[in-house]
Amino acid sequence: MSLGDLLYAQVNELFPICRSITGNGVRETLKILARDLPGLNSKEIESGTQCFDWKVPNEWNITDAYIITPDGEKIADFKISNLHVVGYSIPIDRIVTLEELDAHLHSLPELPEAIPYVTSYYKERWGFCLPHAQRLRLRAGNYRVKIASSLEPGYLTYGELVIPGRTEEEIFLSTYICHPSMANNELSGPVVAHALAQWLLTLPSRKFTYRFIFIPETIGSIAYLSIWLAHLKARVRAGFNISCVGDERCYSYLPSRLGNTLADRVAKHVLKNLVGEYKVYSFLDRGSDERQYCSPGVDLPLCCISRSKYGEYPEYHTSLDNMKFITPDGLESSLECFRKCMICLEGNEILQSTMICEPQLGPRGLYPMLSERNNQDQDLADLMNILAYSDGERDLLGIAETLRRPLWELLDTVQKLKDHGLLRSVSEGRVRHEWT
Amino acid sequence: MSLGDLLYAQVNELFPICRSITGNGVRETLKILARDLPGLNSKEIESGTQCFDWKVPNEWNITDAYIITPDGEKIADFKISNLHVVGYSIPIDRIVTLEELDAHLHSLPELPEAIPYVTSYYKERWGFCLPHAQRLRLRAGNYRVKIASSLEPGYLTYGELVIPGRTEEEIFLSTYICHPSMANNELSGPVVAHALAQWLLTLPSRKFTYRFIFIPETIGSIAYLSIWLAHLKARVRAGFNISCVGDERCYSYLPSRLGNTLADRVAKHVLKNLVGEYKVYSFLDRGSDERQYCSPGVDLPLCCISRSKYGEYPEYHTSLDNMKFITPDGLESSLECFRKCMICLEGNEILQSTMICEPQLGPRGLYPMLSERNNQDQDLADLMNILAYSDGERDLLGIAETLRRPLWELLDTVQKLKDHGLLRSVSEGRVRHEWT
Amino acid sequence: MSLGDLLYAQVNELFPICRSITGNGVRETLKILARDLPGLNSKEIESGTQCFDWKVPNEWNITDAYIITPDGEKIADFKISNLHVVGYSIPIDRIVTLEELDAHLHSLPELPEAIPYVTSYYKERWGFCLPHAQRLRLRAGNYRVKIASSLEPGYLTYGELVIPGRTEEEIFLSTYICHPSMANNELSGPVVAHALAQWLLTLPSRKFTYRFIFIPETIGSIAYLSIWLAHLKARVRAGFNISCVGDERCYSYLPSRLGNTLADRVAKHVLKNLVGEYKVYSFLDRGSDERQYCSPGVDLPLCCISRSKYGEYPEYHTSLDNMKFITPDGLESSLECFRKCMICLEGNEILQSTMICEPQLGPRGLYPMLSERNNQDQDLADLMNILAYSDGERDLLGIAETLRRPLWELLDTVQKLKDHGLLRSVSEGRVRHEWT
């Protein structure tokens, strides 16, 4: 079973669960994710807790929902698709006319076979979502509407995993777990984040501390920031919002508000060198938790790498964003992309050549002893160029950009030069200074 | 009668007056402009006054000028066109041969029907300007040349209007009144400036103090700067030289020497968003009073918006730059352009979101309570985006540029956000600090 | 005899000498160059001297070398071409089989008629270079190989010429004299440098002190820097590595590592205004002594102007880089290019207009007293524009770039404005301050 297949299977396992911004669906999702990810802890924040301008809402749970038509047919059955019920619907069990019902129905004329995804977190109402084609077939008569939900004081639940590194500087990875049965937006995100964390745990050593959070979108990131803002602002060196990373369409990059943070530089370097072509969005196209992470006064160095970005594909926020929309290859190559980002972050440092002028490389076995025309190969060119640009000001990422080489292909050469005492890192000291 | 027709009629009223850099034509012009513009005062500077490297020249006045041909025909008649006499011609009344006369004639072979506009402010001479076709028809013989002018110690006259605002920071608007009967260059300038001032006076409140000057070109701006330089350098936040704004050809933008002042930013924003296409000149193409305002050590934040720019159209500085060259629509739309510049300046401020993270807009009635696909409209997008970019560093002009939206279409949303306590201005304090 | 012919003749005289990084060939070359260049002194550094990471190698001299074939034919005869012997070959006089010999032979299959240029400075070995076509014709049998060389403690020899100027600020010109009989790379370099120095000596006065060095590549520049680094870093304002300047192909520009030094600005200005089109290389394409001069911690403001750059033409480092490859015109026009660079450096200064606002030019005879349409010519435009941009911040090079005019065509106008007291230099004082 390939890694992609494993990721796909995990999405598949999580798919049926009815998640929302609070409730047991979130707890169940986190439990599954924690099964093989030691250290992933569930945290809870009480309903009513003030988080900046927001209050954590009541907890919503649901066990069943459906409509019985005048013909006795059960439609909009929550047990068939949890998208059928408007998220955060209040409980109801009533007989209504078609006209009354219609005011509570949601459908998409442009996608007549799709069930749309609709929520009403902050205003109490009830409603059903169904394919537009089906809605058109409804005849006058009395309908029984039943929603077996509860909306009561409880908790907002989220997952947090901190993987320690040699330094207290952090890489921040955020993904969301608040959508019911949808695949690209959303399950691709937590599943890829989960696999990325597993991979980081296998590394023999990490420079950075890695902080993963699995949160409900918007209220979750706001709540998390309301607790951790000072810590994150002091420690986070780069971050990514991981969302919509399951399909095989074009890669997307959405910059931070400031546009030139370390996360942005890494994302562009990886996308250019690993992927080649990718779609560049503007921060004006934002829509997920980067809205909070990059808001004025927060401004974490965080950007987004996606495949088909939220809001940009027809299946978005409908029942068509399902297991057919994503693929094992899509998930695996997205994971690889984030791995490369982590490798770039781990490998990046400010380098300084230890010698004035070029060192004599020949006697060290690093340069041919016979001078002939055209005897340079790529490794030798890298070696000479890294030395030439390691001026104690540039970081390796900048050097890799100048050299038009992927950073990860330079790491062996950097190590070789360090082993020969020809290169030294000057960033560790500096960086430590920054946060001590 | 449309506003454009009113502007056109005013140009028409001023057209026959013989203006020069000094003299009664300037006084008469200012008197007409002041009729319906309270506060526009005429000021005078004595001949001989030293203004930096220059001296205010003697005052020139003229009542008549003509040539009588050997056939007794009166030609080059000042009473028919004041362009017929070289500006600042000394008085003369003499009989001369054709050969002697010819050395004092000016015509344009490339525009054989046009009377050119020629002056000699700083070297005493006399001369006549006439159509080249007419000049070619002159036959040998004795000609009587008569110029009834005077060149004597007197005054340089200019107009000044200061419209007070809430702050002592100033917007500086300069236009010139030294050309005889020409329409685009020059009367479009003072007439549009005059209407702009009238409009500013109708505003219920102004942030800025507005300083308008109506001066003779070059010597007037130098003389004005010799008195007001320190004041202007301390107070002026943006300025425009208003010239050649009467025809309907392409808009022109001529940057300040520094190129990126607030005036430049506003001019480009308005031209891009109001006009669309416009011709961008270089400061190397300068030719009017920006030569002084942007000279080293002066460097006021001032640029020029024109229609057909001085020196760039065939009719320039000839009798063809007449009432047919300009139009009511040309004048009115140029005025609108400057109004929008003033609106941008008045509305521009550094903004700061008052909340950490996004505020909860729904309960404030600023955001839909039901979350469906694609439920954002332009106003909502503006509102979210203004909040997202109001970081206490950017000004609204910069935000409007980022949002690719005209600043003036954002003002209502800014006000709404302020009314809800979600946005505050942080520039007033700063700015006051700058000039106190 | 044209200047180009003289340069060509000098290359021709130097061509037969067998130069290497040390030895009598260097001494002989410097002696010829010093014949008509007073002040060019030879300096020597002892073998074994430590220079940063390097040691000056033993001195190599050679009087003869050849191979006798089994047929008794003398081939690879050093006396016919000194390229036949691998540079720094140890002495040998032995009978070897073809197989044994073959391991010591060097040839170029892609250029079967060319003798390649091969060296082995830092590993003792012996070897011969010959045309690949000839190599293929060698038959089995016993070969006598004879190299009459010596490799013993001695000296590294280089030439140095310092031409004093009014200030102690220096322009640094480096060229190399370590290659045997090759024309473009290398003799064009020292010969053009030599002529440039002669021309500088004819100037009545020089602002800058000019430092020329004629060194062996790599070890020479490293050795020189090991002695002069602090001095050069304090004094050098611009520098050029002069190499490959003898042919008539496209001009090449190779920037400094930092890319925007005064030398880079001058090189680009001259190439654009004198030459027009030229090939822009990256510092990644470096290969000569800029490797040392621009290395981290050294970072002299130095770049390279070449014709066919080293490594970029097929004849490079072979016997085809001969007197047919270069031309009198190629040498002369390259010299002219460097002269213009020196003129730009000498003429460059930070200028400041002495007046507030434009000065009154008419009475000074600098502006027409009659104002008519289109009466500006290039000189007048230059004059007005230089005044307008001389703000005490920009240097003349920057002004020339803004004006899109060659700096050297502005010098008369600058002088005229200074003579009238309208312009003053503000750089001399500053610059003196920098290095006092």
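Basis of the calculations
- Residues numbered from 1 in each chain as written.
- Chains lettered and ligands numbered in written order.
- Predicted model: local features only at pLDDT ≥ 70, side-chain atom pairs only at ≥ 80, totals over all residues.
- Helix = DSSP H or I, 4+ residues; strand = E, 2+ residues; numbered from the N terminus.
- Buried ≥ 20, exposed ≤ 12 C-beta atoms within 10 Å, placed from the backbone.
- Contact = placed C-beta atoms within 7 Å.
- Least-squares fit on C-alpha atoms with pLDDT ≥ 70 in both.
- Pairing = 2+ DSSP bridges.
- Axes fitted to C-alpha atoms, helices over the stretch in contact; angles between N-to-C directions.
- Nonpolar A, V, L, I, M, F, W, Y, C, P; charged D, E, K, R; others polar.
- Core = buried A, V, L, I, M, F, W, Y, C linked by C-beta atoms within 7 Å.
- Parallel < 35°, antiparallel > 145°, perpendicular 65-115°, else oblique.
- Left-handed = near helix turned anticlockwise from the far one by under 90°.
- Right-handed = clockwise from strand over helix to strand, strands pointing away.
- pLDDT = per-residue confidence, 0-100.
- Expected span 1.5 Å × (residues − 1).
- Bend = angle between axes of the 7 residues up to and from the residue.

Draft legend 1. Looking closely at the overall build of chain A. Tallying secondary structure elements over chain A gives 13 helices and 19 strands in all. C-alpha atoms of chain A, sized along the principal axes, occupy 95 × 45 × 40 Å. By the burial criterion, 49% of the 436 residues in chain A qualify as buried. Considering only intrachain contacts with a sequence separation of at least 6, the fraction spanning at least 24 residues in chain A is 81%.

Draft legend 2. The arrangement of the relation of the copies chain A and chain C in detail. The transformation that overlays chain A on chain C combines an axial shift of 0.1 Å with a rotation of 120°, and the residual RMSD is 0.0 Å. Within this description, the copies of the chain are treated as partners about a three-fold rotation axis. Relative to the rotation axis, the C-alpha of asparagine 260 of chain A is the closest in chain A, positioned 13 Å from it.

Draft legend 3. Region of interest: the sheet that holds strand β11 (residues 170-176) of chain C. All names here are of chain C. An order of β1-β10-β12-β11-β13-β16-β14-β15 is seen for the 8 strands of this open sheet, with the pairing classed as mixed. The open sheet has two edge strands with one neighbour each: β1 (41-46) and β15 (279-280). Pairing analysis gives 7 bridges linking β11 to strand β12 (residues 209-215), with the strands arranged parallel. Following the sheet pairing, serine 174 is matched in β12 by isoleucine 213. Packing of helix α2 (residues 24-35) onto the sheet brings it into contact with β1, β10 (155-163) and β12, and relative to β10 it is tilted by some 20°. Against the sheet, helix α9 (residues 328-347) contacts β11, β13 (236-242) and β16 (302-306), and its axis sits at roughly 175° relative to β13.

Draft legend 4. Quick look at the environment of valine 236 of chain B. Residue and element names in this part refer to chain B. Relative to the assigned elements, valine 236 resides in strand β13 (residues 236-242). With 176 residues separating them in the primary sequence, valine 236 and aspartate 412 have C-alpha atoms 27 Å apart. Not counting residues up to four positions away in its chain, the partners in contact with valine 236 are Glu170, Phe172, Leu300 and Pro301.

Draft legend 5. Quick look at the environment of tryptophan 408 of chain C. Relative to the helices and strands, tryptophan 408 of chain C is located in the loop between α11 (396-403) and α12 (411-419). Residues tryptophan 408 of chain C and lysine 207 of chain C lie 201 residues apart in sequence; the distance between their C-alpha atoms is 16 Å.

Draft legend 6. Representation of the interface of chain A and chain B. Each partner contributes residues to the interface: chain A has 23 residues there, and chain B has 21 residues. For the side of chain A that touches chain B, the secondary structure elements donating two or more residues are α6 (219-235) and α8 (290-293) of chain A. Among the elements that take part in the side of chain A that touches chain B, α6 of chain A stands out by supplying 3 residues, more than any other. Tallied by class, the residues present in the side of chain A that touches chain B amount to 12 nonpolar, 7 polar and 4 charged.

Draft legend 7. Structural context of the interface of chain A and chain C. Taken together, the contact between chain A and chain C spans 21 residues of the former and 23 residues of the latter. Of all elements in the fold, only β17 (350-353), α10 (378-389) and β18 (391-395) of chain A reach the threshold of two or more residues within the side of chain A that touches chain C. Here the residues of the side of chain A that touches chain C sort into 9 nonpolar, 8 polar and 4 charged.

Draft legend 8. Highlighting the nonpolar core. Residue and element names in this part refer to chain A. In this structure, Val192, Phe240, Val266 and Cys341 are the most contacted members of the largest nonpolar core, which totals 127 residues. Tallying contributions element by element places helix α5 (residues 183-202) first for this core, with 9 residues. With residues near it in sequence (within four places) discarded, cysteine 341 still touches Phe240, Val266, Ala267 and Val270.

Draft legend 9. Focus on the sheet that holds strand β13 (residues 236-242) of chain A. Residues and elements named next belong to chain A. Taken in spatial order, the 8 strands of this open sheet run β1-β10-β12-β11-β13-β16-β14-β15, and their pairing is mixed. The open sheet has two edge strands with one neighbour each: β1 (41-46) and β15 (279-280). Bridging between strand β14 (residues 252-254) and strand β16 (residues 302-306) involves 3 bridges; their strand directions are antiparallel. By the bridge assignment, leucine 254 is partnered in β16 with cysteine 304. Strand contacts of α6: β1, β10 (155-163), β11 (170-176), β12 (209-215) and β13, with the helix running at about 30° to β10, the strand carrying the most contacts.

Draft legend 10. Inspection of the packing of helix α1 (residues 3-14) of chain A against α5 of chain A at higher detail. All names here are of chain A. The geometry of α1 relative to α5 is characterised by a closest axis approach of 9 Å and an angle of 125° between their N-to-C directions. Classed by the angle they form, the pair α1 and α5 counts as oblique. Crossing angle aside, the handedness with which α1 passes α5 is right-handed. Facing Leu7, Gln10, Val11 and Leu14 of α1, the residues of α5 in contact are Ala183, Leu187, Ser188, Val191, Val192 and Ala195. Among the residues making up the contact of α1 with α5, the classes are represented as 8 nonpolar, 2 polar and no charged.

Draft legend 11. The packing of helix α7 (residues 262-275) of chain C against α11 of chain C, seen in detail. Residues and elements named next belong to chain C. α11 packs onto α7 with a crossing angle of 35° between their chain directions and a minimal axis gap of 11 Å. The crossing of α7 and α11 is left-handed. In this structure, α7 uses Arg265, Val266 and His269 to contact α11, whose residues at the interface are Leu397, Ala400 and Glu401. The residue makeup of the contact of α7 with α11, split by class, is 3 nonpolar, 1 polar and 2 charged.

Draft legend 12. Here's a closer look at the pairing of β12 of chain A. Residue and element names in this part refer to chain A. Among the 7 residues that make up β12, 6 are buried, leaving the element largely enclosed by the rest of the structure. Sheet topology note: the β10/β12 ladder contains 5 bridges and is antiparallel. By the bridge assignment, valine 162 is partnered in β12 with arginine 211. With α5 bridging β11 and the parallel β12, this β-α-β connection has right-handed handedness.

Draft legend 13. How the structure looks around the confidence of the model for chain A. For chain A, per-residue confidence averages 95 on the pLDDT scale, and 97% of positions sit at 70 or higher. The ipTM value of the predicted complex is 0.93, and its pTM value is 0.93.

Draft legend 14. A look at helix α6 (residues 219-235) of chain C. All names here are of chain C. Given a rise of 1.5 Å per residue, 17 residues ought to cover 24 Å, and the 22 Å separating the end C-alpha atoms of α6 matches this to within 8%. At tryptophan 228, α6 is deflected by roughly 80°, the largest bend along its length. Among the residues making up α6, those that are buried are Ile219, Gly220, Ser221, Ile222, Ala223, Tyr224 and Leu225.

Draft legend 15. Structural detail: helix α10 (residues 378-389) of chain C. Residues and elements named next belong to chain C. With 12 residues, α10 extends 16 Å between its outermost C-alpha atoms, agreeing within 8% with the 16 Å of an ideal straight helix rising 1.5 Å per residue. Among the residues of α10, Asp382, Leu383, Met384, Asn385, Ile386, Leu387, Ala388 and Tyr389 are the ones counted as buried. Contact partners of the buried residues in α10: β17 (350-353), β18 (391-395), α11, α12 and β19 (423-425).

Draft legend 16. View of unusual backbone geometry. Residue and element names in this part refer to chain C. Phi angles above zero are rare outside glycine, and phenylalanine 52 is one such case at about 50°. By the element assignment, phenylalanine 52 lies in the loop between β2 (50-51) and β3 (54-55). A positive phi angle is found at histidine 317, which is not glycine, with a value near 55°. Its location among the elements puts histidine 317 in the loop between β16 and α9.

Draft legend 17. Region of the structure containing the environment of serine 226 of chain B. All names here are of chain B. Position of serine 226 relative to the elements: it lies in helix α6 (residues 219-235). Sequence separation of serine 226 and histidine 317 is 91 residues, and the distance between their C-alpha atoms is 28 Å. In contact with serine 226, not counting residues within four places along its chain, are Cys51 and Phe52.

Draft legend 18. Highlighting the pairing of strand β9 (residues 142-152) of chain B. All names here are of chain B. Across 9 bridges, the pairing between strand β4 (residues 59-68) and β9 is antiparallel. Across the sheet, residue alanine 65 finds its bridge partner in β9, namely isoleucine 147. Inspection of the sheet shows strand β6 (residues 92-97) paired to β9 by 6 bridges, in the antiparallel sense. Bridge pairing links isoleucine 95 to arginine 144 in β9.

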